[in-house]
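# Summary of structural features
If you want the building blocks of each chain, they are given just below.
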Amino acid sequence: MKAVSKAELYRRLPSVDELLHAEELAESVSREGQASVADAARLVLARLREEISAGALQENQVALAVSGLAGAIEAQLRHDVSFSLKAVINASGVILHTNLGRAPLSGLALEHVQAASAAYSNLEYDLGTGERGKRDVHVDRLFKKLLSSSESSPQVSTIVVNNNAAAVLLALNSLAEGAEVIVSRGELVEIGGSFRIPDVMAKSNAILREVGTTNRTRVSDYERAINEKTKLLLRVHRSNFEITGFTEQPALAELVALSRKRSIPLMEDLGSGALFDLQTVGVRGEAGVLDSLRAGVDVVTYSGDKLLGGPQAGLLSGRADLIARMRSNSLFRALRVDKMIYAALEATLMAYVKRNYDHVPVLRMMGLSKQAIESRAEAVAAAVPKSKLRLEIVDGESVIGGGSAPSAVVPTRLLALTCQDLSADELAGCLRANNPSIIARVEQGRVLLDLRTVFPEQDATLIEAFRNIPE
Ligand SMILES: *Cc1c(COP(=O)(O)O)cnc(C)c1O
């Protein structure tokens, strides 16, 4: 039998127009519109043509593909018109999970975003004078309430940029362009996603002056490095690692004293930036923004979506004259944030001002007791029929994450899942394939789920997903 030519195989493919009028696709056309269906059809046909051109399809395979075209186009259409960015259930127990979007926003924050951005707003408009206003006033006043104390007078100013990496860049460029910044070698950190202090320093046109050693740096090391080109002392929070053993790091008070004595500003890149006392949830040794300002740090940089529990943002709080220099830097214009961020941030800060900490999801999660988590885990386990799937409740730890110290953990109870016929990785894959996806940890051959980071109203979805795991 003579092989059919490629030209003949191409001819057997229907046209887009024919497909749009096909009975089988009539419903898709009326639901999603001609244009979307035509786009999907073009993609599917182009793929087939490529396969024919590569000689990958025989005559009978082309016939099969043509008979299945409607199904392929519908699948393509479903893919095209569904969002790629979607909500997932975070059962990992990592409260601030960078890959899962860090802090979930409160309902109040979302309502304020909706109100301030579905219509026009006074973002940069002074309603009193009818003249142009500044966008930072909306949150600066709340930061003043939260961060100005008698101990940290004069009043603290705050500006907002896109993220903390941008905040550090702006601060270094504003305060130390072409000049030297002294940093301990033990603090030349890389934060996930290619934020490296030496690189940001280079981009800001400031000159890095390293002092001390990886494990030990003394205040005298800073002092000796000071020269006429020194414009800033920088302390960086060791967000994702710890140095233990034979170590030494100057106390913040010593750096403050040196900064005052030599009239060189001290900046601290805190990263996590808690606005509340973490000790209330049992986490020790994690300094908050207010602690640093009270200690006498001149400028603090921190993220909006870490321990603060708000939207992605970089915050610069500190001495008004230094913050004013950053505000007048043209980089500030390039790094500024949108009205939706201001709205989400304002509502989040308002919860702090009103001391409604439970309105901030990450604070609520941190505060959940082990007992409360255990009773929810028991209820979930009881609702899943005993079969090949085994559910146990075991001790474990939830991780605060998001730039708090790696040792910042809180005790929890975990649901441990094993299945006779599936490996732990396969089981975790099943949970990810659920709609919505469920993200769990895999440890020592078990799938572990921590309900601390699962919203209580999602427990029912977990139960449903466990019942549907194929056996
Ligand atoms: C997280 C972190 C950053 C980066 O902050 P982003 O908001 O992710 O840009 C910088 N410095 C420290 C110390 C951090 O913990």
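This text goes with the structure placed above it.
In this report, the structure presented in the accompanying data block is examined. (Residues numbered from 1 in each chain as written. Predicted model: local features only at pLDDT ≥ 70, side-chain atom pairs only at ≥ 80, totals over all residues. Heavy atoms only, no water.)

### Topic: the pattern of salt bridges
One pass over the structure, following the stated rule, counts 31 salt bridges. Note that Arg235 is salt-bridged to Glu187, the shortest N-O span being 3.4 Å. Taken together, the positions of Arg235 in strand β10 (residues 230–236) and Glu187 in the loop between β6 (180–184) and β7 (190–191) put the pair 48 residues apart, joining distant regions of the chain. When its relative accessible area of 0% is taken as the criterion, Glu187 is described as buried. Where Glu248 meets Arg216, a salt bridge forms, and the shortest distance between an N and an O atom there is 2.6 Å. Here the residue Glu248 occupies a position in the loop between β10 and α12 (252–262), and Arg216 occupies one in the loop between β9 (207–211) and α11 (219–225), the gap between them amounting to 32 residues. Glu248 gets classed as partly exposed once you look at its relative accessible area, which sits at 28%. Among the residues examined, Arg216 registers a relative accessible area of 18% and is labelled buried. Here the salt bridges do not stand alone but share partners, grouping Glu8, Arg11, Arg12 and Glu59 into one network. (Salt bridge = Lys/Arg side-chain N within 4 Å of Asp/Glu carboxyl O. Helix = DSSP H or I, 4+ residues; strand = E, 2+ residues; numbered from the N terminus. Buried < 20%, exposed > 50% of the residue type's maximum accessible area, 1.4 Å probe, protein only.)

### Details of the side chain of Asp450
With respect to the secondary-structure elements, Asp450 resides in strand β18 (residues 446–450). Once residues within four sequence positions are removed from consideration, Asp450 is found in contact with Asn90, Ala91, Ser92, Gly93, Ile373, Glu397, Ser398, Thr412, Arg413, Leu414 and Arg441. (Contact = heavy atoms within 4.5 Å.)

### Points about helix α7 (residues 107–117)
What α7 keeps buried is the set Ala109, Val113 and Ala116. The buried residues of α7 all sit within an arc of 80° when viewed along its axis, so they share a single face. Away from its buried face by more than 90 degrees, α7 exposes Glu111, Gln114 and Ala115. In the core, the buried residues of α7 are packed alongside α16 (339–353). (Arc of directions from axis to C-beta.)

### Looking at the packing of helix α8 (residues 137–147) against α16
Running from N to C, α8 and α16 cross one another at 25°; their axes reach a closest spacing of 9 Å. Considering their axes alone, α8 and α16 lie roughly parallel with respect to each other. In terms of crossing hand, the pair formed by α8 and α16 is left-handed. Between α8, through His138, Val139, Arg141, Leu142, Phe143, Lys145 and Leu146, and α16, the contact on the second element is made entirely by Tyr342, Leu345, Glu346, Leu349, Met350, Tyr352 and Val353. A breakdown of the residues in the contact of α8 with α16 according to their chemical character gives 10 nonpolar, 1 polar and 3 charged. (Axes fitted to C-alpha atoms, helices over the stretch in contact; angles between N-to-C directions. Parallel < 35°, antiparallel > 145°, perpendicular 65-115°, else oblique. Left-handed = near helix turned anticlockwise from the far one by under 90°. Nonpolar A, V, L, I, M, F, W, Y, C, P; charged D, E, K, R; others polar.)

### Focus: the sheet that holds strand β14 (residues 389–401)
In spatial order, the strands read β2-β14-β15-β18-β17; together these 5 strands make up an open sheet with mixed pairing. Sheet topology places β2 (94–96) and β17 (441–443) at the edges, where each strand pairs with a single neighbour. Direction aside, the axes of adjacent strands within the sheet are offset by 40° on average. With 11 bridges connecting them, β14 and strand β15 (residues 409–419) associate as antiparallel partners. By the bridge assignment for β15, Ser398 is matched with Val410. Packed on one face of the sheet, helix α18 (residues 370–382) meets β14, β15 and β18 and runs near 15° to β15. (Pairing = 2+ DSSP bridges.)

### Here we look at the side chain of Thr230
Along the chain, the position of Thr230 falls in strand β10. Separated by 2.8 Å, the side chain of Thr230 and the backbone nitrogen of Asn227 make a polar contact. Among residues more than four places away in sequence, those in contact with Thr230 are Glu180, Ile182, Ala225 and Ile264. (Polar contact = N/O pair within 3.5 Å; in protein donor to acceptor, adjacent residues only side chain to side chain.)

### Describing the site of the ligand
If you check the shell around the ligand, you find 13 residues, and the closest are Arg102, Ser239, Asp269, Ser303 and Lys306. With respect to the ligand, the backbone of Asn164 contributes an N or O atom lying 3.1 Å from an oxygen atom. A distance of 2.7 Å is found between a nitrogen atom of the ligand and a side-chain nitrogen or oxygen belonging to Asp269. Protein coverage of the free-state accessible area of the ligand, which is 390 Å², stands at 94%. Every element with two or more residues in the shell around the ligand is listed here: α9 (164–176) and β11 (266–271). (Near = heavy atom within 4 Å. Areas by Shrake-Rupley, 256 points an atom, 1.4 Å probe, with all protein chains shown as cover.)

### As for the sheet that holds β6
Strand order in the open sheet formed by 7 strands is β5-β13-β12-β11-β10-β6-β9, and the pairing between neighbours is mixed. Edge positions in the sheet fall to β5 (156–161) and β9, since each has one partner strand and no second. Mean inter-strand twist for the sheet, computed between neighbouring axes without regard to direction, equals 25°. Sheet topology places β10 next to β11; 4 bridges connect them, and they run parallel. Paired with Leu233 across the bridge in β11 is Leu266.

### Points about α18
The terminal C-alpha atoms of α18, which comprises 13 residues, lie 18 Å apart, in line with the 18 Å expected from a rise of 1.5 Å per residue. Regarding α18, the residues found buried are Ile373, Arg376, Ala377, Val380 and Ala381. One face of α18 carries all of its buried residues, which in axial projection span an arc of 140°. In α18, those exposed residues whose orientation departs by more than 90 degrees from the buried face are Gln371 and Ala382. Those residues of α18 that are buried lie in contact with β14, β15, β18 and α20 (459–467). (Expected span 1.5 Å × (residues − 1).)

### Focus on the environment of Asp140
By secondary structure assignment, the location of Asp140 is in helix α8. Spatially, the C-alpha atom of Asp140 lies 8.8 Å from that of Val156, the residues being 16 residues apart in sequence. Setting aside chain neighbours within four positions, we find Asp140 in contact with Val156, Ser157 and Thr158. For Asp140, the side chain forms a polar contact with the side chain of Lys144, separated by 2.6 Å.

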